[in-house]
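If you want the building blocks of each chain, they are given just below.
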Amino acid sequence: MRRIRNGLVLALGITMTFGLAACGGDDGGTPAASDPNAKVELSLATFTEFGYEELIPEYERLHPNVKITHRKTGQGGPYHQDLITKLAAGSGLADVTAVEEGHLSNVLDKGSKFNDLPKIGPAEASPDRWLGWKYDAAKTKDGKVIGYGTDIGPLAMCYRKDMLEAAGMPSDPEAVKPLFATWDSYFAAGDQYVAKTGGKAWFDSAAQNFNAMVNQLPTGYIGNDDKLAVESNQGIKDAWTKVTGAVAKGQSAKLTAFSNEWNSGFKQGAFATKVCPAWMLGVIEEHSGPENAGKWAVTAAFPGGGGNWGGSYLTVPTQSKHPKEAAELAAWLTAPEQQIKAFKAKGTFPSQVKALEDQALLSETDAYFGGAKIGQLFAEQAKKVAKPQYKGPGDGQIQENASSPALQAVEQGKSADEGWTQLLDAAKKITR
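- Looking up the protein chain in an unreviewed UniProt entry gives the name Sugar ABC transporter periplasmic protein, with the organism given as Amycolatopsis decaplanina DSM 44594.

A look at the pattern of salt bridges
- According to the stated counting rule, one finds 18 salt bridges in the structure shown.
- With a closest N to O distance of 3.8 Å, lysine 391 and aspartate 395 form a salt bridge.

Quick word on the packing of helix α7 (residues 183-197) against helix α8 (residues 206-215)
- Two numbers describe how α7 lies on α8: the axes approach to 13 Å, and their chain directions differ by 165 degrees. One element, α7, and the other, α8, form an angle in the roughly antiparallel class. Pair α7 / α8 crosses with left-handed handedness. Between α7 and α8, the residues in contact are Trp183, Tyr186 and Phe187 and Asn209, Ala212 and Met213, respectively.
- Its residues assigned to classes, the contact of α7 with α8 shows five nonpolar, one polar and no charged.

Structural notes on the side chain of serine 205
- Among the structural elements, serine 205 can be located in the loop between α7 and α8.
- According to the relative accessible area criterion, serine 205 is buried, its value standing at 4%.
- Sequence-distant contacts of serine 205, that is, excluding residues within four places in its chain, are made with Ser252, Leu255 and Glu411.

Quick word on helix α12 (residues 323-333)
- With respect to burial, α12 is a largely interior element, eight of its 11 residues being buried.
- Those residues of α12 that sit buried are Glu325, Ala326, Ala327, Leu329, Ala330, Ala331, Trp332 and Leu333.

What to know about the pairing of strand β2 (residues 66-73)
- As paired elements, strand β1 (residues 40-47) and β2 share eight bridges and run parallel to each other. From the neighbouring strand, phenylalanine 47 faces β2, where its bridge partner is threonine 73.
- Once you follow β1 into helix α1 (residues 55-62) and on to β2, the crossover reads as right-handed.

Here we look at the environment of alanine 330
- Along the polypeptide, alanine 330 turns up in helix α12.
- Apart from residues lying up to four places away in sequence, alanine 330 is in contact with Val96, Tyr148 and Leu314.

Side note on the nonpolar core
- Counting 84 residues, the largest nonpolar core has Phe180, Trp202, Phe210, Val298, Phe349, Phe369 and Phe378 as its most contacted members.
- Inspection of this core shows a minimum of three residues originating in each of domain 1 (40-152 + 310-363) and domain 2 (154-307 + 365-431).
- Counting residues in each nonpolar core, the second largest holds 42 residues, with Ala98, Val107, Leu108 and Ile146 among its members.

Definitions and limits used
Residues numbered from 1 in each chain as written. Predicted model: local features only at pLDDT ≥ 70, side-chain atom pairs only at ≥ 80, totals over all residues. Heavy atoms only, no water. Salt bridge = Lys/Arg side-chain N within 4 Å of Asp/Glu carboxyl O. Axes fitted to C-alpha atoms, helices over the stretch in contact; angles between N-to-C directions. Helix = DSSP H or I, 4+ residues; strand = E, 2+ residues; numbered from the N terminus. Parallel < 35°, antiparallel > 145°, perpendicular 65-115°, else oblique. Left-handed = near helix turned anticlockwise from the far one by under 90°. Contact = heavy atoms within 4.5 Å. Nonpolar A, V, L, I, M, F, W, Y, C, P; charged D, E, K, R; others polar. Buried < 20%, exposed > 50% of the residue type's maximum accessible area, 1.4 Å probe, protein only. Pairing = 2+ DSSP bridges. Right-handed = clockwise from strand over helix to strand, strands pointing away. Core = buried A, V, L, I, M, F, W, Y, C linked by side-chain atoms within 4.5 Å. Domains from an automatic or database assignment.

Spelled out as structure tokens, the structure:
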């Protein structure tokens, strides 16, 4: 099983700037269905891996009058750029269009261009199907729900068991939990690790930790008034101080996430710990290689309690000529039974309450991580996430094009104050 979809989208901290017509929908479409047996052609647009390859023919077997065209894009960056272009043009979007959580803020302020799913969707797609924070994140300011939640990326901590053992530190998944209880304890453990290893790095990238810390705050880069909140947000400044302080003490491997050097760093043991959403397990296994099987471990602990990084939604744009049928398809694809099947196919971690209680999920283990009960572990972590943080317009761009480059500049020698000024200046340009 591969768990590599999310994070390779926005969470990578990389903005793709070229176009790709990936999610083009039915410009003409077929006539709206007037009876249950009328033939309906639906289009479904997704990116990277959602695990729907076997589910689509299953839906068509259950609904002989429905034909689904699946438009699947390999990369999330160009996919979402194409989505925004077609949204502005008023045509070309698929009947069911996926949106990644990192890009959700760019469509929530365009709620009039999406159907309110509780009004057109089936009764079984009720709010209590999903974890509360997942459902609420897709609400516009005026209360419309524009997306059915697909997967999530609950956060845990991954670490090199052998490297902690060599440093004389706890390495058992239960014994390390106090090290990862809070960000203060995490960075204190980092000081200890650097001292005991003669200067080896504790974590991979300052930006990876900072992004997780900011996402845990009640308010992020953008306030509920859609105005820039970085300068006035003490939580963000405190997180900056802690992360850059750790960089100054040699805790960072100074790697840019998802760069070739970062990829190689897993195999080379360039860092001992890693912020670890559920989908990151597949990334670690892929880049660390078979020779490091059993050396990585994952624990049901994360500094500050819980958090989420990754996940998507299925929307029904008002461009769709078959909104009711599209909503039915979206509701079915995100139902607990189908979320379990998608998880088994591609490792997309479920967001439905019943799915998180399903033994098929809870019994899932990962041999690469020493047989860890990853299904149960990440289900526990998912329940620790509080209410969603409001993501205003420009939030994702600030993460990608302001905070991450500023932290990389600090890792390359800029002072923390200089880096903070760089972050603020870039964020102001984005939100003008």
